[in-house]
Amino acid sequence: GWSAAVLVVACVTDHYLFGGASAVTELHPLVVLTLCAGIVALWFLPRTYLLIPFVTLCFLVPQGQTLVIAGFHLFAGRVAILAGCVRILATLVCRRRRPLLADGINSIDMAFLCWAVTRAFCFTVLNADLRAIANQAGFLLDSLGGYGFLRFAINGAEDTHRTIKLLAVLTSLVGLCMVYERHSMVNVFGFIGGQLSPAIREGIPRSQGPFSHAIPA
């Protein structure tokens, strides 16, 4: 009856509250090759070009593709962040003359750090669940790791301009693929692990591209 329905809704809501991702590894062979190539590039490319593999992995690999290790989900973006953190540590160990962060740590860095830590703390206290701790550990890795790597990789106006151009190219590519998806009913990212056919709402296709759902797309 209604009690069973409430229980099902509560379980589903609970699942998505703490991430809602697949409980098993889902990696297309081409995605595995792309991740391996991206990791190698992030470790060995000159610092000036690090954002090319980083942003490419974050934008073009379908978000449903994930590696699950002991219950922790490593999406493509998360793998890129971890590889980037290894590169930062290697730079620290080598102690090269080039500064780790442009202009050092500033007030914006501290504000971002305080926001991320406060957000994670409040979410964990509010939900009082071990899954909340795991979920927010992933959030801190994504936010602080991603922010830190971007600060490490962007070291001036030239890097900023290069990043803007790269984002323009990638977003244009994704946009064109989504336009094609709307008219052909085929998501090209579905061939490498994404959703192959777009969802239909009120008779209108909802293009998804590499995103996990049409809404964030």
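Quick summary incoming for the structure in this document.

Calculation notes
- Residues numbered from 1 in each chain as written.
- Predicted model: local features only at pLDDT ≥ 70, side-chain atom pairs only at ≥ 80, totals over all residues.
- Heavy atoms only, no water.
- Core = buried A, V, L, I, M, F, W, Y, C linked by side-chain atoms within 4.5 Å.
- Buried < 20%, exposed > 50% of the residue type's maximum accessible area, 1.4 Å probe, protein only.
- Helix = DSSP H or I, 4+ residues; strand = E, 2+ residues; numbered from the N terminus.
- Contact = heavy atoms within 4.5 Å.
- Expected span 1.5 Å × (residues − 1).
- Salt bridge = Lys/Arg side-chain N within 4 Å of Asp/Glu carboxyl O.
- Arc of directions from axis to C-beta.
- Polar contact = N/O pair within 3.5 Å; in protein donor to acceptor, adjacent residues only side chain to side chain.
- Pairing = 2+ DSSP bridges.
- Phe/Tyr/Trp six-rings, centres within 6.5 Å; stacked < 30°, edge-to-face > 60°.
- Lys NZ or Arg CZ within 6 Å of the ring centre and 35° of its normal.
- Axes fitted to C-alpha atoms, helices over the stretch in contact; angles between N-to-C directions.
- Parallel < 35°, antiparallel > 145°, perpendicular 65-115°, else oblique.
- Left-handed = near helix turned anticlockwise from the far one by under 90°.
- Nonpolar A, V, L, I, M, F, W, Y, C, P; charged D, E, K, R; others polar.

1. A few points about the nonpolar core
In terms of nonpolar packing, the biggest core is built from 26 residues, with Leu-35, Leu-42, Leu-51, Phe-54, Val-55 and Phe-149 touching the most fellow members. Those elements that place two or more of their residues in this core are α2 (29–44), α3 (51–60), α4 (76–94), α6 (130–153) and α7 (157–184). Here the element with the most residues in this core is α4; it accounts for six residues. Leave out the neighbours within four places in its chain, and Leu-51 touches Thr-56, Phe-149, Leu-150, Ala-153, Ile-154, Thr-163 and Leu-166.

2. Structural notes on α4
A rise of 1.5 Å per residue sets the reference length of α4, with its 19 residues, at 27 Å; its end C-alpha atoms lie 27 Å apart and thus fit the reference within 8%. Of the positions making up α4, those classed as buried are Ala-76, Gly-77, Arg-78, Val-79, Ala-80, Ile-81, Ala-83, Gly-84, Arg-87, Ile-88 and Thr-91. Those residues of α4 that are buried are in contact with α2, α3, β2 (72–75) and α6.

3. Side note on the pattern of salt bridges
Counting across every chain of the model gives five salt bridges. In this structure, Asp-142 engages Arg-78 in a salt bridge whose closest nitrogen and oxygen atoms are separated by 2.7 Å. Taken together, the residues span a long stretch of sequence, with Asp-142 in helix α6 and Arg-78 in helix α4 at a distance of 64 residues. For Arg-78, a relative accessible area of 13% gives the class buried. Across the pair Arg-162 and Glu-158 runs a salt bridge whose closest N-O atoms are separated by 3.1 Å.

4. What about unusual backbone geometry?
For Met-185, which is not glycine, the phi dihedral falls at a positive 65°. Mapped onto the elements of the fold, Met-185 is located in the loop between α7 and β3 (199–201). One non-glycine residue with positive phi stands out, namely Glu-202, at about 55°. You can see Glu-202 is positioned in the loop between β3 and β4 (204–206). Look at Glu-202 and you get exposed, because its relative accessible area is 77%.

5. So, helix α5 (residues 107–127)
Counted at 1.5 Å a residue, the expected span for α5 with its 21 residues is 30 Å, and the 30 Å between its end C-alpha atoms agrees. When α5 is considered as a whole, its buried residues turn out to be Asp-109, Ala-116, Ala-120 and Phe-123. An end-on view of α5 places all buried positions within 80° of arc, on one side of the element. Every exposed residue of α5 that faces more than 90 degrees away from the buried side is listed here: Ser-107, Phe-121, Val-125 and Leu-126. Its side-chain oxygen at 3.0 Å from the backbone nitrogen of Ile-108, Asn-106 defines the N-terminal cap of α5. In the segment just after α5, Ala-128 is the residue with positive phi, at about 45°.

6. Observations concerning the pairing of strand β1 (residues 66–69)
What you see with β1 is a clean split: Thr-66 and Val-68 sit on the buried side and Leu-67 and Ile-69 on the side with no burial. Where β1 lies against β2, four bridges are found, and the strand directions are antiparallel. Within β2, the residue paired with Thr-66 across the bridge is Phe-75. Here β1 hands over to β2 after two residues, with Ala-70 in that stretch at a positive phi of 55°.

7. Considerations on the environment of Val-79
You can see Val-79 is positioned in helix α4. Sequence-wise, Val-79 and Ile-39 are 40 residues apart; in three dimensions their C-alpha atoms are separated by 8.0 Å.

8. Considering the packing of aromatic side chains
Enumeration according to the criterion identifies five aromatic pairs in this entry. Of the aromatic side chains, those joined through ring pairs into one cluster are Phe-112, Trp-115, Phe-139 and Tyr-147. Across from the ring centre of Phe-152, 4.0 Å away, lies the NZ or CZ of Arg-47, which sits over that ring.

9. Here we look at the packing of α3 against α4
Orientation of α3 relative to α4, taken along the N-to-C sense of each, is 160°, at an axis distance of 8 Å. The orientation of α3 with respect to α4, classified from their angle, is roughly antiparallel. Like other packed secondary-structure pairs, α3 and α4 cross with a definite hand, here left-handed. Across from Phe-54, Leu-57 and Cys-58 in α3, the residues of α4 making contact are Ala-76, Gly-77, Ala-80 and Ile-81. A class-by-class count of the residues in the contact of α3 with α4 yields six nonpolar, one polar and no charged.

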